[in-house]
Amino acid sequence: MPSFLNSLRRILSLTPPHPVLLKNKEQFLDFQQGAPLNDYTFVVCDTELTGLNKRKDEIISIGAVRIVNLQIDCNQTFHRYIRPTNIHPNQATLIHRITPEELKKADRAEQVLPEFITFCDNSLLVGHFVGLDMYFLNKTCRQILGGSLSNPGIDTMRLAQRYKDSGHQDHYGHHDHAASYTLDNLTKEFGLPVFKPHDALEDALQTAYLFLYLLKKFKTGGIHSLKDLYRAGRIRG
Amino acid sequence: MTADGPPDVVVDFFANIMPFTELDHATLHRMARHVKVDFFPKGTRLFHAGKTKISHLLFIQQGGVKSFIVDDEGEVTLKDYRGEGDYIGALGIIRGTKASLDVETVEDTFCFLLPQAVFLDLINTQPGFSQYYLKSFSEKFVGTAYAELRRHKMTRRGDENLYLFSIQVGDIVKKTLRKTSAESTIQQAAQEMAQHRVGSLLIHRPDLPDEIIGIITDRDLSTKVLAPGLDYNEPVRHIMSSPVATVLSQSTCFDVLLKMMSSSIHHLAVERRGKIIGVITSHDITLIQGISPYSLFKEIGKQQKISGLYPLSQKIPAMIRNLIKEGAKPGNISRMISILNDHILEHLLTLLEEEMGPPPVPYCWLLMGSEGRREQTFKTDQDNAILYADPKNEQQGKDAQEYFACFARQAIDHLVQCGYPLCPGEIMAVNPKWCQPLSVWKGYFARWVGTPDPQEILHATIFFDFRAGFGKSVLADQLRQHLSKLTERQELYLLHLANQCLAGRAPLSFFKNFIVEKNGEHKNKLDIKHQGITPFVNFARILALKNNVRETNTLARLHVLSRENILDETLWAKAVNAYEMQMQLRIIHQLHQIEAGQQPDNHITPDELSELDKRMLRNAFEVIDRLHGVLKTMFPTP
């Protein structure tokens, strides 16, 4: 099976990474962290998965929006379903309201991922608990494209924790309660507009609203450059 | 760049606000692609008056802003509050000027930003757009224009409906052109203006009377002559504006108004075939806008017989529909309905008096409830009463009783014929209890205030909103003064009113399970009047009575209360928004019913509402809770 051999070759680094990854890597060779936040662009993304098993489960949709000049750009959105290797009507697809039929019609990761990487361009990746999204993105990238993404990540959950710890808020909440850091709860707690949950694009948008909220609230608290922000919410890419 | 289309939330937002509702799906999508989303924490200054160049039109998705002016001494004057669904910056973009007001967020605010170029493109390509935005700018003119028309009883030729968007400016420009030579002295020019009662004068070349080279206005006289102390004998050319800004006589009034707004020049010379034929002012044009309601107004005044008035009130809905289409605010609409109803009443009673002969004593026809508050919509039950001067002797008393009983009976019949239904509670002048001399009325109020019985006061609330509808308004004033004095001494009845108000809970769970009627004809419907609007009316009434505010209109009461710092400024703004939003829903609901041939009511089905309406309604209900909080602090339960 040639495709299986290809995958094997890539895993063993016998074939060079896909050109789109090479370009992606190049874009971050001399990445600077000292510039003001306005100078960076961000891609806020959310992935929907078949489940949370790191070994078995797969990405079935990606939603993303770009933030330019610290504003969400409605003309730069990304929303795709991905046909998983194994289609079975499991729990996650029900939650995400994606039917198995829709998944059968969707493109494969081989098609979608390079498009997504091109969309990401030289932006920073932002997500809520972004480590999970990046784990599955990179896992798939390595399998089919022979490498991983070079875009640095920013976790809005960590930012939110940091924001609440730093006492920006003017009321007393249960700061250490784990449940209060879910996207839903933070959205409620900060009183942000609410979008449909469990749709990758809407979730990405919801996260983007949270990110904008935190960024601008932080700005009044003295965070101006990316470096400042990193101290608050960086994750290992 | 990959673009998978604008997010649904952006498209939905615009699809639900005027005038974007008019756009077709493809245009809406194309437009939404250009939108950016931004967040401004509470206290962010968005515009600096005179400094900020406006690059985007801002639409508030969530949150709120205030606009204000800071004068040279640092004095701050609040102009307006804007909330969800409102826009900021349109005037500046259309005029191409910098921000004219300071704007600051009063809450954490998310905005949709529409780039200037995209907005201007819509203005130029979508006919409904320019009308909508122009209308909202000129709204405050419109309100005052009607009042002026009414006061001056101006006459105008022809009865035809003229419209701002179809009349050419050449048709309304004044026929005589006033001009003077550039060598005339300032004093001569001023005398000329005074003599002909004009606000401007064209200036021609001394040797060529047909060549217009400039213009002077009232304003030039004050700013260029009086203020700097210029010699009145200077030639007028020293102060004229030159060359004259002109418009072509075939331009529509709409275009002309737009030009005036964009150039901030309010006197334009009208040119026909290369020749100046006159001057048009913004005032001339705002009068045109009033023509359609005005023609109805005039038609009412023209009737020689009472029966001629019967069909006229039926014409009000059609006229209101136009106003709504053009974007008039509900406050203006109900004021307009009140003006027209008042006019019908005034004319009807005048004709009736002519029929019956003069009354034995002076009287005042009182309006109560929503009529008293000038808050009528289409469905207006009669709530009225007669208050007459105390008779001097027994005979006069008997005459008065007889006369007014007969007068009231006929008036009420005629009003029914005009389409105003009888009051089910019989609060009408035809009820002998409510047709009484001043001393008796004073006694009524003394009892309600002095020894309040909770049940009785509940029925009496609408009397506290009385105003003079026709006749000697001084009688109504005397009664109002009497009530103020009573209230100063005795506030207990206000506690009863407050308790009554607090007993009704805000229908907040409307959106989860919907507090709606469980049984009967109006099952699963929200009574927007009693559940939504009445709490605001009650709140304003109690605070107005307590603080001796003489206004009866709810918005006017709230405004005074906020100005006097009795009501918190932010809460005031929220209350006004919430109240107007509900009035709007109610008016549109009733208009639909009338047009479908049904009797208008106040029962709204949740399914009729858009998502945006629901969200705004929910916010409106939340305000009720806050108003109740104010009442609780003011009238603590022991």
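Structure first, text after, so check above.
The structure contained in this document is the topic of the report that follows. (Residues numbered from 1 in each chain as written. Chains lettered and ligands numbered in written order. Predicted model: local features only at pLDDT ≥ 70, side-chain atom pairs only at ≥ 80, totals over all residues.)

What follows concerns the sheet that holds strand β11 (residues 212–217) of chain B. Residue and element names in this part refer to chain B. As summarised here, the arrangement of the three strands in space is β9-β10-β11, forming an open sheet in which the pairing is mixed. Since the sheet does not close on itself, it has two edges, and those belong to β9 (179–181) and β11, each with one partner. When strand polarity is set aside, the average angle formed by the axes of neighbouring strands in this sheet is 35°. (Pairing = 2+ DSSP bridges. Helix = DSSP H or I, 4+ residues; strand = E, 2+ residues; numbered from the N terminus. Axes fitted to C-alpha atoms, helices over the stretch in contact; angles between N-to-C directions.)

Here we take up the environment of K525 of chain B. Turning to its location among the elements, K525 of chain B is positioned in the loop between α19 (492–503) and β19 (526–527). With 79 residues separating them in the primary sequence, K525 of chain B and I604 of chain B have C-alpha atoms 5.3 Å apart.

Here we take up the nonpolar core. Counting residues in each nonpolar core, the largest one holds 94 residues, and the members touching the most others are V44 and A208 of chain A. If we skip the residues at most four places from it in the chain, A208 of chain A touches V44, V65, I67 and I72 of chain A. (Core = buried A, V, L, I, M, F, W, Y, C linked by C-beta atoms within 7 Å. Buried ≥ 20, exposed ≤ 12 C-beta atoms within 10 Å, placed from the backbone. Contact = placed C-beta atoms within 7 Å.)

Now for the interface of chain B and chain A. Taken together, the contact pairs 23 residues of chain B with 23 residues of chain A. Residue assignment for the side of chain B that touches chain A shows that the elements contributing at least two residues are α1 (8–15), β1 (36–40), β3 (56–62) and β8 (109–115) of chain B. Per-element accounting of the side of chain B that touches chain A gives the leading share, four residues, to β1 of chain B. When its residues are assigned to classes, the side of chain B that touches chain A shows 13 nonpolar, five polar and five charged. Strand direction decides the pairing type here: strand β3 (residues 71–83) of chain A and β1 of chain B, joined by two bridges, are antiparallel. Bridging from a neighbouring strand, D73 of chain A pairs with K36 of chain B of β1 of chain B. (Nonpolar A, V, L, I, M, F, W, Y, C, P; charged D, E, K, R; others polar.)

Quick look at unusual backbone geometry now. Here M18 of chain B and P19 of chain B are connected by a cis peptide whose omega angle stands at -5°. Within the fold, P19 of chain B resides in the loop between α1 and α2 (25–32). Residues S242 of chain B and P243 of chain B are joined by a peptide bond in cis, for which omega reads -5°. Secondary-structure assignment places P243 of chain B in the loop between α8 (218–226) and β12 (246–248). The residue D121 of chain A is not glycine, and still its phi comes out positive at about 50°. Summarising the element assignment, D121 of chain A is placed in the loop between α5 (109–120) and β5 (124–127). The class of D121 of chain A is partly exposed, set by 16 C-beta atoms lying within 10 Å.

Hydrogen bonds between backbone atoms are what pair the strands of a sheet, whose relative direction is either parallel or antiparallel. Residues and elements named next belong to chain B. As summarised here, the arrangement of the four strands in space is β17-β16-β15-β18, forming an open sheet in which the pairing is mixed. A strand with exactly one partner marks an edge of an open sheet, and here the two such strands are β17 (435–437) and β18 (467–471). When the angles between neighbouring strand axes are averaged without regard to direction, this sheet yields 30°. As defined by bridge partners, strand β16 (residues 384–388) adjoins β17 across three bridges and the pair is classed as parallel. Note on β17: the bridge partner recorded for L387 is Q436. Sitting on the sheet, helix α15 (residues 394–417) touches β15 (363–367), β16 and β17, and the angle it makes with β16 is about 155°. Running at roughly 105° to β17, helix α16 (residues 438–450) makes contact with β16 and β17 of the sheet.

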